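A look at the structure
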Amino acid sequence: MAKVPVYNIEGQQIGEIELNDSIFNVPINNHVLHQAVVAHLANRRQGTFAAKTRAEVRGGGRKPWRQKGTGRARQGSIRAPTWRKGGVVFAKKPRDFSIELPKKVKRLALKCALSSKVKENNLIVLDRWDMNQYKTKEVLRVLKNLGLENQKALIVIPEKNEYLQKSTKNIPEVKTLQVGNLNVFDILKYDKFVILQDAVKKVEEVYA
């Protein structure tokens, strides 16, 4: 099992933790990672757009002028797509973009994403991070102690911590997630992966 340092919020190494090789040391499968990211982005789409066809646009019930003899082009309706305020050709309609991946593929993709962070030395384990007030300045101080100034960082916590989660919302390059919301897209999107020690145990319990 691979060993990685454990830090406190002051940026000091206080020990080591062994990571489960079946989760944090699997071969990287780029195809599976790509599938997971595509599915994640597709599932975020609402698909609620809608445009009207010529059959749905109001008006245009009668022929605007007679077929022949006016010198103008023949027209059947003022709501034809060529007219201003007319219908849309092949109008977009609400649809479901969601992609359902097999469970085994999802699990493998997450393991590959976590393993990539370990292999790139971008995984940082914290012993604990207790916050009892909303303070973005405190989050910035801890990130500075860990050498993560001006870096995109994903912070993973074992359970809900409203103070920490809301304190990071004002930092554009930082995001906080609970273990239950962990996903491949966010792991790969952020350069640094900061995870609390208790969150590591939860990940291993679920995916080992």
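Look up a bit, the structure's there.
Structural notes, computed from the coordinates. (Residues numbered from 1 in each chain as written. Predicted model: local features only at pLDDT ≥ 70, side-chain atom pairs only at ≥ 80, totals over all residues. Heavy atoms only, no water.)

Position of Gln 165 relative to the elements: it lies in helix H5 (residues 162-167). The class of Gln 165 is buried, set by a relative accessible area of 18%. Aside from chain neighbours lying at most four places away, what touches Gln 165 is Ile 157, Lys 160, Thr 176 and Gln 178. (Helix = DSSP H or I, 4+ residues; strand = E, 2+ residues; numbered from the N terminus. Buried < 20%, exposed > 50% of the residue type's maximum accessible area, 1.4 Å probe, protein only. Contact = heavy atoms within 4.5 Å.)

Per the stated rule, a full pass over the model turns up three aromatic pairs. When the ring of Phe 49 is compared with that of Phe 97, the centres are 6.0 Å apart and the planes differ by 70 degrees; the resulting orientation is edge-to-face. Of this pair, Phe 49 sits in the loop between helix H2 (30-44) and helix H3 (103-119) while Phe 97 sits in the loop between H2 and H3, placing them 48 residues apart in sequence. The class for Phe 49 is partly exposed, based on a relative accessible area of 30%. Between Trp 65 and Trp 83, the ring centres sit 5.9 Å apart and the planes meet at 40 degrees, which makes this aromatic pair tilted. In this pair, Trp 65 sits in the loop between H2 and H3 while Trp 83 sits in the loop between H2 and H3, placing the two residues 18 residues apart along the sequence. A relative accessible area of 18% places Trp 65 in the buried class. In this arrangement the basic side chain of Arg 45 is found over the ring face of Phe 97, its NZ or CZ atom lying 3.7 Å from the centre. (Phe/Tyr/Trp six-rings, centres within 6.5 Å; stacked < 30°, edge-to-face > 60°. Lys NZ or Arg CZ within 6 Å of the ring centre and 35° of its normal.)

Glancing now at the sheet that holds strand S6 (residues 192-196). Read from one edge to the other, the open sheet built from six strands follows the order S2-S1-S3-S6-S4-S5, with strand pairing classed as mixed. The open sheet has two edge strands, strand S2 (13-19) and strand S5 (174-178), and neither has a second partner. Ignoring which end each strand starts from, the neighbouring axes of this sheet average 30 degrees apart. Bridge count between strand S1 (residues 2-7) and S2: six bridges; the pairing is antiparallel. Bridging across to S2, Tyr 7 finds its partner in Gln 13. Sitting on the sheet, helix H7 (residues 197-207) is in contact with S1, S2, strand S3 (123-126), strand S4 (153-157) and S6, with an inclination near 90 degrees to S6. (Pairing = 2+ DSSP bridges. Axes fitted to C-alpha atoms, helices over the stretch in contact; angles between N-to-C directions.)

Looking now at the environment of Leu 177. With respect to the secondary-structure elements, Leu 177 resides in strand S5. Its relative accessible area of 9% is what places Leu 177 among the buried residues. As for Leu 177 and Glu 56, which are separated by 121 residues in sequence, their C-alpha atoms are 44 Å apart. Excluding anything up to four places from it in sequence, Leu 177 contacts Leu 154, Ile 155, Val 156, Ile 157, Leu 182, Asn 183 and Asp 186.

In this section: unusual backbone geometry. With a phi angle near 65 degrees, Lys 85 is a residue other than glycine that sits in the positive phi range. Along the chain, the position of Lys 85 falls in the loop between H2 and H3. Here Phe 90, not a glycine, exhibits a phi torsion of approximately 50 degrees, which is positive. For Phe 90, a relative accessible area of 79% translates into the label exposed.

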